[in-house]
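Spelled out, the chains give:
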Protein chains: 2
Amino acid sequence: MNIGEASSASGVSAKMIRYYEEIGLIRPMGRSGNNYRVYGEEEVHILRFIKRARNLGFSLEETETLLKLWQDKDRESSAVKDVATAHIGDLERRIAEMQGMVKTLKHLAHCCGGDNRPNCPILDDLAGNGVGDVPVPAAGRKMHA
Amino acid sequence: MNIGEASSASGVSAKMIRYYEEIGLIRPMGRSGNNYRVYGEEEVHILRFIKRARNLGFSLEETETLLKLWQDKDRESSAVKDVATAHIGDLERRIAEMQGMVKTLKHLAHCCGGDNRPNCPILDDLAGNGVGDVPVPAAGRKMHA
DNA sequence: CTTGACCTTCCCATGATGGGAAGCTCCACA
DNA sequence: TGTGGAGCTTCCCATCATGGGAAGGTCAAG
């Protein structure tokens with residue numbers, strides 16, 4: 001099976017399959033006489049594993065860890081669970097951050113007439129003239145040295 | 001005021017201030033005799049506006065639009081509201097996507113012993129042997145578009 | 001033999017940010 | 001007056017995962 005077929009069988013683009021090989025996520029594939037990469041069911045299975053891990057938001061680095069654990073018959077399931085749990089925490093942090101943004105934005109949008117007049121509390125808020133609650137202080141880092 | 005001072009006054013790093021200038025988000029600053037960029041209150045105000053827009057998750061492109069609307073005294077507030085509303089929708093879509101991931105992951109993690117035995121439903125699921133309800137049908141939902 | 005669909009490698013772009021090098025300027029202090 | 005260091009300048013590189021596209025080889029069907 002050539003790369004195109006492996007691609008449609010796994011849902012991973014040919015471009016990405018080559019990239020995964022380049023960064024060492026998957027082993028370099030054997031080549032047929034014409035220098036084309038050759039794939040078997042085994043490889044497609046691995047690619048599908050990667051695809052699913054990516055769909056769940058795991059980074060390629062985390063995916064690599066999971067892949068190694070998958071192939072390690074002596075793994076401890078706690079190692080897998082740890083990776084998953086950390087990822088859940090990461091997702092929840094990002095979700096909370098975005099929810100904060102949505103909350104503020106909805107409040108501002110609600111206060112904005114959205115008509116043909118220039119008066120706009122959204123811009124007022126961005127300009128520093130808050131309409132109420134102000135999110136994300138987030139500024140004061142490495143200043144002044 | 002030099003770039004370092006403008007940076008701590010606005011919360012935008014000097015690196016980013018130069019970058020914003022480079023991509024045309026802000027006008028090139030005047031230079032003093034020593035070739036240092038010179039900033040005034042006006043510019044710091046603009047940088048703070050950008051900072052706040054970024055904190056609310058607006059892209060630099062959206063920020064540019066908002067900035068122009070801010071400076072356009074004849075704007076219609078509906079234009080601003082449209083940008084904000086579209087962004088809210090975008091955030092909500094991403095939140096929903098991540099919540100789906102979290103839901104699946106929590107289910108899997110819940111089913112995983114997390115002990116010293118190799119048996120692991122998380123890996124089983126990634127390998128294609130679902131543990132029950134499994135969203136993300138690898139073939140059905142096109143990431144690409 | 002030609003055409004077109006594949007495959008190969010290589011380079012570039014994305015978005016927003018940081019790191020760091022090499023070289024300049026400025027200021028304070030001895 | 002010299003010197004050190006902080007701060008400024010530009011330039012290049014890295015991130016993360018992905019796609020676009022060019023230039024060229026290969027294969028199968030017409």
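All values reported here derive from a predicted model rather than from experimental measurement.

(A) Region of interest: the interface of chain B and chain A. Contacts between the two partners involve 56 residues from chain B and, on the opposite side, 56 residues from chain A. Taken together, the connections running from chain B to chain A amount to four salt bridges. As a salt-bridge pair, B:Asp125 and A:Arg52 come within 2.7 Å of each other at their nearest N and O atoms. Applying the counting rule to chain B against chain A returns 20 residue pairs in polar contact (both at pLDDT 80 or more). Broken down by element, the side of chain B that touches chain A gets its largest block of residues, 20 residues, from helix α5 (residues 77-111) of chain B. Its residues assigned to classes, the side of chain B that touches chain A comprises 29 nonpolar, 14 polar and 13 charged.

(B) Quick peek at the confidence of the model for chain A. Summary statistics for chain A give a mean pLDDT of 88 and a share of 89% for residues scoring 70 or more. Every residue in residues 132-145 of chain A scores below 50 in pLDDT, and together they form nine contacts with partners more than four places removed in sequence or on other chains.

(C) Representation of the environment of B:Val44 within the structure. Residue and element names in this part refer to chain B. As for its position among the elements, Val44 is in helix α3 (residues 41-55). Spatially, the C-alpha atom of Val44 lies 9.4 Å from that of Glu5, the residues being 39 residues apart in sequence. Residues contacting Val44, with those up to four places away along its chain left out, are Met1, Ala6, Ala9 and Ser10.

Calculation rules
- Residues numbered from 1 in each chain as written.
- Chains lettered and ligands numbered in written order.
- Predicted model: local features only at pLDDT ≥ 70, side-chain atom pairs only at ≥ 80, totals over all residues.
- Heavy atoms only, no water.
- Contact = heavy atoms within 4.5 Å.
- Salt bridge = Lys/Arg side-chain N within 4 Å of Asp/Glu carboxyl O.
- Polar contact = N/O pair within 3.5 Å; in protein donor to acceptor, adjacent residues only side chain to side chain.
- Helix = DSSP H or I, 4+ residues; strand = E, 2+ residues; numbered from the N terminus.
- Nonpolar A, V, L, I, M, F, W, Y, C, P; charged D, E, K, R; others polar.
- pLDDT = per-residue confidence, 0-100.

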